Structures are given as C-alpha cells and as structure tokens.
Amino acid sequence: MNKDFKPKILVFCCNWCSYAGADLAGVSRLQIKPYFRVIRAMCSARVDPEFILEAIKKGADGILVAACHPGDCHYIGGNYRTRRRMALLRIMLQQFGLDRKRLRLEWISAGEGGRFQEVVNNFIDEITELGPSPFGPTKRGKGKNG
Amino acid sequence: MVPVLSDLQKGERVKMADKLKLAIARGATCSGCDVEIVDINEKILDVIKIADIVYAAVIMDTKLKEVEKWDDGYIDITFHHGAIRDSENEHIAKLFRKKSKILISFGSCSCYGGIPGLANVTNKDEIFKESYMDTPSTVNPDFVVPLPEWKDETGHKLTLPRFYDEVFSLDDIVTVDYYLPGCPPLVTQINQALDAIISGKLPPKGSVLASEKALCDECPREKPKKINIERIYRPHEIELNPDKCLLEQGIICLGPATRAGCDAKCIRANMPCRGCLGATAAAIDQGGSILSAITSILAISDKETQLSEEDIEKLVGQIKDPLGTFYRFSMPKSLLRKVEKEKK
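Predicted, not measured: the structure shown is a model, and the values here were computed from it. (Residues numbered from 1 in each chain as written. Chains lettered and ligands numbered in written order. Predicted model: local features only at pLDDT ≥ 70, side-chain atom pairs only at ≥ 80, totals over all residues.)

Draft legend 1. Seen up close, the overall build of chain B. Within chain B, the secondary structure is distributed over 13 helices and 9 strands. Each principal axis of the C-alpha distribution contributes one length, and for chain B these read about 70 × 65 × 30 Å. Per-residue burial for chain B yields a buried fraction of 39% across its 344 residues. Put simply, of all contacts in chain B between residues at least 6 apart along the chain, 75% involve residues at least 24 apart. (Helix = DSSP H or I, 4+ residues; strand = E, 2+ residues; numbered from the N terminus. Buried ≥ 20, exposed ≤ 12 C-beta atoms within 10 Å, placed from the backbone. Contact = placed C-beta atoms within 7 Å.)

Draft legend 2. Geometry of unusual backbone geometry. All names here are of chain B. Cis geometry is adopted by the peptide bond preceding Pro 184, which originates at Cys 183 and carries an omega value of -10°. On the secondary structure map, Pro 184 appears in the loop between strand S9 (178–180) and helix H9 (187–199). The phi dihedral of Asn 41 is positive, around 55°, even though this residue is not glycine. At Arg 337, a position not held by glycine, the phi torsion is positive, near 65°. The residue Arg 337 is located in the segment after helix H13 (322–326) in this model. A residue is classified by how many C-beta atoms lie within 10 Å of it, and Arg 337, with 23 of them, is buried.

Draft legend 3. Up close: the confidence of the model for chain A. Confidence in the prediction of chain A, expressed as mean pLDDT, is 91, and 92% of residues score 70 or more. Low confidence marks residues 140–146 of chain A, where pLDDT is under 50. Its contacts with residues over four positions away, or in another chain, come to 9 contacts. (pLDDT = per-residue confidence, 0-100.)

Draft legend 4. Molecular detail of the interface of chain B and chain A. Across the boundary between the two partners, chain B contributes 33 residues, which contact 32 residues of chain A. For the side of chain B that touches chain A, the secondary structure elements donating two or more residues are strand S8 (163–168), helix H11 (286–297), helix H12 (309–316) and H13 of chain B. Taken together, the residues of the side of chain B that touches chain A break down into 15 nonpolar, 7 polar and 11 charged. (Nonpolar A, V, L, I, M, F, W, Y, C, P; charged D, E, K, R; others polar.)

Structure representation (structure tokens):
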C-alpha cells in the first residue's frame, strides 16, 4: 500500500436524512479524514447510476451513497429503489474490473452524526487499503498501445 | 412518411451540378451493413442515376492505393461501417475522412463500437491467447501469433495490420459529420439519410439521423401504467404475449434506454430490444440508463422492508451479465469504455 495515497471519495447524501446527519457531524465537530466530498441529492434514488459511472471515469476511488434507513424515506420508497440499483451496479462495476468495496450504500439518519463520522472514516480506510482506482487519472489518455 | 428516392428524381431538388460521388468504407465489421445497402433493392438504380459509387470493397475493385491518389474532398459522401480495432481500420478511417466532404458513421459498430466493441471487456493479449492457444481445436505449443512485420531468410518482408488493445468507434479517431446507427441501419433510415443529402436539407453536423426519443415511444405494444416484476425470464423460457409490454412479462428489453428510429422491428417480431441504436439523446450512458430503469421495476412489492441484503443480491442477480446485456452495442462509447483490472 502506498503511504502517500490520498483517496478521492465521493459521498452522495440524501437531503432529508444523511445530509442532515453529515451536518450534525459537522456542528458536533466530529473529526473526519479530509478525503471526501459531499454532494447533496433530494433523494438517494436521484443518484443515477450514470452519476456514479461518471465519477469513476473522472477518477473517484470510492463512492458512498448515504440514504435514509429502511422505512424512513421521505418519498416512501426511494431508498429501496437505491438499494436494488446499487446492488446491480455493484455487480456491473465488478465486471468492469473494480473491487465491489468501492461502491457502498449506507443508511444514515438525521440524528446519526456519529454514525456519519464512523462510516466515512471506515470507508476512507477501506479505500486507502485498496489503493487507487484502476480508472484513475493515470489511465486517462491511454492510447492505442496494441 | 419516409420520402423515397424515386420521388426525388421528379423534383429539382438535386442541387449538386455533377453526379455525387459515393464511397462505402469499412472497418472492423461483419459486413451486414453492406448487405443492408444492397437491400435497398431496385432503388439502387435511382441512386446510381444521381451518384457514382467510386469505392465499395464489397461490389467493386477500386484499390485503396487509388483512393490515396485522389484529391482531398474528391468523394462527396462516405458511408463508413465498422469499428476501429487495428492500424488498417485507422488508416482507412483517416484516409476517407480526408478524401470526403461528408463522412457518415454508418451502423452501430462505427457509431458506438457495436458487437466488436465488446472486446473491450478483455485485451489484445487475452484475445490472442484465446484465439491462437486456448481454443480446443488449436494446437500451437510455441504460441505462434500473427506479427505486424516478418522477414523471411531471403529478406522478403511481410506485413499485417497492428492489432490494438482496445476497440474504438469511428468518432474516436476522426471527426464524423452524421451518425446513422442500427445493426444494421434500416433501408428506411438509409433512404431518409440519402434524401436529406440530396435535397440539401441537412441537419446540423454531428446529428444522429434517427429519433431523439426512446424506443418505447414507437413501440406498438400496450403501455402499462405501472410495471412490477419479480422474476426475469429469458425469451425462450416463456411464451410471449405479442401485445403486452415485454418488460411487464419479465423480459429484459432495452427499449426505455434505446433511441427510436428502427420502427421497433425486433419487438414486432416478438423479440426484446437489444439496444443497437444506442443511448437516447438525453442519456449519457446507455447501460447506466437501462440499469436504472430495470432496477426500478424489478421489485418484490410490499415486502421490501423484510428483505435482507442477500435477498436483494439474489433478486438483481437474476440478470446474469449486466455489462454484456446493457452495453451490447455501446461498450466503447460507455463512460468507462473498457474493463480495467485492480492492481493487487
């Protein structure tokens, strides 16, 4: 494992639960490693698989989708849809050659600031262990090296 | 209504003073596109009234060396079919780009990589190993493989095109003026394209000469309000109702994520759409788009809360090869393009 490796982690948070959870982690001054960026979506089901593919293409090493706990979705069933979507996308990403750990789905509620900290730190450690994504910046511009 | 060329002959819409010069160039292709061009049948007579075919490997004997001698822009329109996967394909693509006023990416291979594009799940070394070593009918203990260059004892040199590690679509290599996707493009699509060229009513450069909408828009089947399926079937496993939506019957149909313009030919023959016209105008990635659609309807209704992660894996695991199914024709044009292995 490369000690200097600073992973690029993208975190999609749903507006109603996980983003509020992340906010709580912030105002509670919980320490999280600075290798992640948060994107807020109105619902985790708004996170189109295309977004995740695009993120990987642009060099993200890991993607975390955070949604409301089962039964808590603001839109009744959005998180179930996300769960199925991420499960199939994970299978497809594996076919693309990525480790299945690079895409993770977690349930984080608005009150779980501590859980947000724990999940994100844990995910960053896991991705650091895995190393850079095979679709990372070094792969870009690779020509017809037949 | 699709305008036909014989109608065009009567009008004065043919603006080009001289006869048009047409060429049909080819890359990595099965030549099904050539067959489809021949399938315009007697209309070919109308075509040769207004145009000379100056290069078409399938029907005539013009050599590439002669093409190289022509002035730049000598050809009016080139239809290029086939993907780019070796140095000869690349040379032909660049040559015809230089010699043509309009270059049309013809067929799914040329537009999106097509079936040859599926080679992007592997690489050159693995392909060579499979073809020249591992196939049961091959005996090749020294692993002799084709080389781009070889000299015999007398110094006589033989060359072969260099095989690339990756498959490219035509527009990865050169600028393309129009896209005419389909595997192969239908006669009606070809006629529409020819009509547009002849009448001078060309859409903006870079246009796809097909519909902007999804195939569901022109699907003749009954459209259900809500679909919920729990089991995925393959077409041979059940008897298909020809009037009901295929997705509703548990068949993976790429219609929702595929461009319309083929008049739903496969669906009329009671077979699901495989996605040869590529992603719709609004989507970036055909596979991501259909993955999203399929997982929205593949659900065990009312029991979601009780399902474990394993149950969900099992549910979506019914789709055996999502990559091959969802990117059957568009792998080199997908966001990730190619399989890359994790470094251990």
